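# Coordinate analysis (summary)
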Amino acid sequence: MRNNDVFVADIATLLPPKYRAEDVLRHVYGQPGITNDILTLATRASRNTRVRTFSSVLDFDAYPSKRLIDECHTPQRWCGALVDAVSIMLPPGEIGFLSVSYNISSHADVLPNLACQIAREKNLDLVAPPQELPYYGCAAGILQIESAVDFCRRTGRAALVIVLEQCTWAYRPVCERESADFRASLRAHLLFSDGAAAVLIVPQSMISGFDNALRILDVGTGFRLGDALAMRNGHFLVGDDVGGTMPGLVASESVRPMLAKHGLATRDVRDWAIHQGGLPVLRQFGRPDVLGLCEAQLADSASTFEEYGNLSSASCVFTLRRQFDRHAPRGTKGMAVAFGAGYYFGSMLYERWTRGATPNVSGLPPRPAPTLP
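What comes next concerns the included structure. (Residues numbered from 1 in each chain as written. Predicted model: local features only at pLDDT ≥ 70, side-chain atom pairs only at ≥ 80, totals over all residues. Heavy atoms only, no water.)

## Considering the overall build of the protein chain
Looking only at helices and strands, one finds 10 helices and 13 strands in the protein chain. A globule of 373 residues ought to have a C-alpha radius of gyration of about 21 Å, and the protein chain, at 20 Å, matches this closely. The principal-axis extents of the C-alpha atoms in the protein chain amount to approximately 65 × 50 × 35 Å. Split into buried and exposed, the 373 residues of the protein chain put 59% on the buried side. For the protein chain, the exposed surface amounts to about 15,000 Å²; the carbon and sulfur share of it is 50%. Computing the positive centroid from 37 side-chain charges and the negative centroid from 37, the protein chain places the two 4 Å apart. (Helix = DSSP H or I, 4+ residues; strand = E, 2+ residues; numbered from the N terminus. Rg over C-alpha atoms; globule rule 2.2 N^0.38 Å. Buried < 20%, exposed > 50% of the residue type's maximum accessible area, 1.4 Å probe, protein only. Areas by Shrake-Rupley, 256 points an atom, 1.4 Å probe, with all protein chains shown as cover. Lys, Arg positive; Asp, Glu negative; His and termini not counted. Charge placed at Lys NZ, Arg CZ, Asp CG, Glu CD.)

## Overview of the pairing of strand E9 (residues 229-232)
Both E9 and strand E10 (residues 235-238) contribute to a ladder of 4 bridges, which runs antiparallel. By the bridge assignment for E10, Met231 is matched with Phe236. Counted between consecutive antiparallel strands, the loop separating E9 from E10 contains 2 residues, among which Asn233 sits at a positive phi close to 55 degrees. (Pairing = 2+ DSSP bridges.)

## Quick look at the packing of helix H3 (residues 75-86) against helix H4 (residues 114-121)
Where H3 contacts H4, the two axes come as close as 10 Å, and the packing angle between them is 50 degrees. Relative to H4, the element H3 is oriented oblique. Here H3 and H4 pass one another in a crossing that is right-handed. Contacts between H3 and H4 involve Pro75, Gln76, Cys79, Gly80 and Val83 from the first element and Leu114, Gln117 and Ile118 from the second. (Axes fitted to C-alpha atoms, helices over the stretch in contact; angles between N-to-C directions. Parallel < 35°, antiparallel > 145°, perpendicular 65-115°, else oblique. Left-handed = near helix turned anticlockwise from the far one by under 90°. Contact = heavy atoms within 4.5 Å.)

## Some points on H3
End to end, H3 covers 17 Å across 12 residues, agreeing with the expected 16 Å (1.5 Å per residue, within 8%). Considered for burial, the residues of H3 that qualify are Pro75, Trp78, Cys79, Gly80, Ala81, Leu82, Val83, Ala85 and Val86. Structurally, H3 contributes buried residues whose contacts are with strand E1 (6-14), strand E4 (95-102), H4, strand E6 (158-166) and strand E7 (194-203). (Expected span 1.5 Å × (residues − 1).)

## Quick word on the nonpolar core
With 97 residues, the main nonpolar core has Leu200, Val202 and Trp272 as its most contacted residues. Top contributing element to this core by residue count: helix H7 (residues 242-261), with 8 residues. Setting aside anything within four residues of it in sequence, one finds Trp272 in contact with Val255, Leu259, Thr266, Leu291, Leu293, Gln297, Asp300, Ser301, Thr319, Gln323, Met335 and Val337. Ile11, Ile142, Ala314 and Ala338 belong to the second-largest nonpolar core, a separate cluster that totals 34 residues. (Core = buried A, V, L, I, M, F, W, Y, C linked by side-chain atoms within 4.5 Å.)

## A word on the environment of Asp23
Relative to the helices and strands, Asp23 is located in helix H1 (residues 21-29). Among the residues examined, Asp23 registers a relative accessible area of 17% and is labelled buried.

## Overview of the environment of Gly342
Tracing the backbone through its elements, the reader meets Gly342 in strand E13 (residues 342-354). Sequence separation between Gly342 and Ala296 is 46 residues, and the spatial gap between their C-alpha atoms is 30 Å.

## Section: the pattern of salt bridges
Summed over the entire model, instances satisfying the criterion amount to 22 salt bridges. With a shortest N-O distance of 3.1 Å, Arg177 and Asp37 are connected by a salt bridge. Residue Arg177 is located in the loop between E6 and helix H6 (182-191), and its partner Asp37 is located in helix H2 (residues 36-49); the two are separated by 140 residues in the primary sequence. A residue is classified by how much of its surface remains accessible, and Arg177, at 44% relative accessible area, is partly exposed. In this structure Asp37 comes out as partly exposed when scored by relative accessible area, which is 36%. Taking the shortest distance from any N to any O, the salt bridge between Glu253 and Arg224 comes out at 1.9 Å. Placement of Glu253 in helix H7 and of Arg224 in strand E8 (residues 212-226) is noted, with a sequence separation of 29 residues between them. With a relative accessible area of 34%, Glu253 lands in the partly exposed category. One continuous salt-bridge network, built from bridges that share partners, spans Asp5, Arg215, Lys333 and Glu351. (Salt bridge = Lys/Arg side-chain N within 4 Å of Asp/Glu carboxyl O.)

## Considering the pairing of E6
Counting buried positions along E6 yields 9 of 9 residues, so the element is predominantly enclosed. Of the two faces of E6, both are covered, the one formed by Ala158, Leu160, Ile162, Leu164 and Gln166 as well as the one formed by Ala159, Val161, Val163 and Glu165. With 6 bridges connecting them, E4 and E6 associate as parallel partners. Among the inter-strand pairings, Val100 is bridged to a residue of E6, identified as Ile162.

Next up, the structure:
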């Protein structure tokens, strides 16, 4: 190992209550004033997405009024629970940098910002200002990891990245079929779900306390102006050309250059944690002119989407957690890929690390989700 090596040492994830997709749609599109054919269309279209369940913080008995199903699902409680979860592996006093991101949340008390509130509540001994990234789209997690890796290398301290998304808080569908935004609004309501994740990143000097980790080889981010993902007049919209734009963009400007820099081909990377904008978007990464990934390389990301839906910036972290907890030989390569509104995009290349020289040491057993107070 090099002295400036940086590692993903732990990943924790958190979900609110889960509901069958058809039940959520019945609440959203079965409101008074919405014609029955709209609900029928939404239900039929939902079957094609293959999302089985949605997680939501909403109290659907109060919908369309916005009310949390339980106060334990405030963003503050979520962040606190995630800090407690990773503190099993590293005391919070060892964390010198905290970054929190979200695109949609129920958070109302915004001063001081959420990151400052969590740092104070959990007595984090930060040596850098807490960072908060609202509204950076589904790539926010990679943007935060890039900052955290730079911090660890400069200071020799640990960093914690939290991505939280309460997408269903923005449920407000366009229900007029003649509206130009109708299909873009429907698409958004068929895809997005709620969840949060935390990624603990540590420098080489701290890794001896862990049995299983991911050694970060490279992180890169990029930007290209685009508006296929947007909010307009308070409505969440997903445009028609996301699948035709984003996979090729992130592949050509982030993934392929990073692989070439390290002398790797796509076949050399076994584990892929790709943001799940939807199965049609994910399948684009299998095209030879994009990345040419095989079904096995796309399987983890596809399974995450079918189980949870699109968790926005938390999506690729949920897949990364699945891979982190799984047995893998030392040196196995992986890549996390994210892209979203803006367009912001980025990727993280890593290899599996285990304590000692044995190549097949088991990783830490999967831990339960953080306990909400």
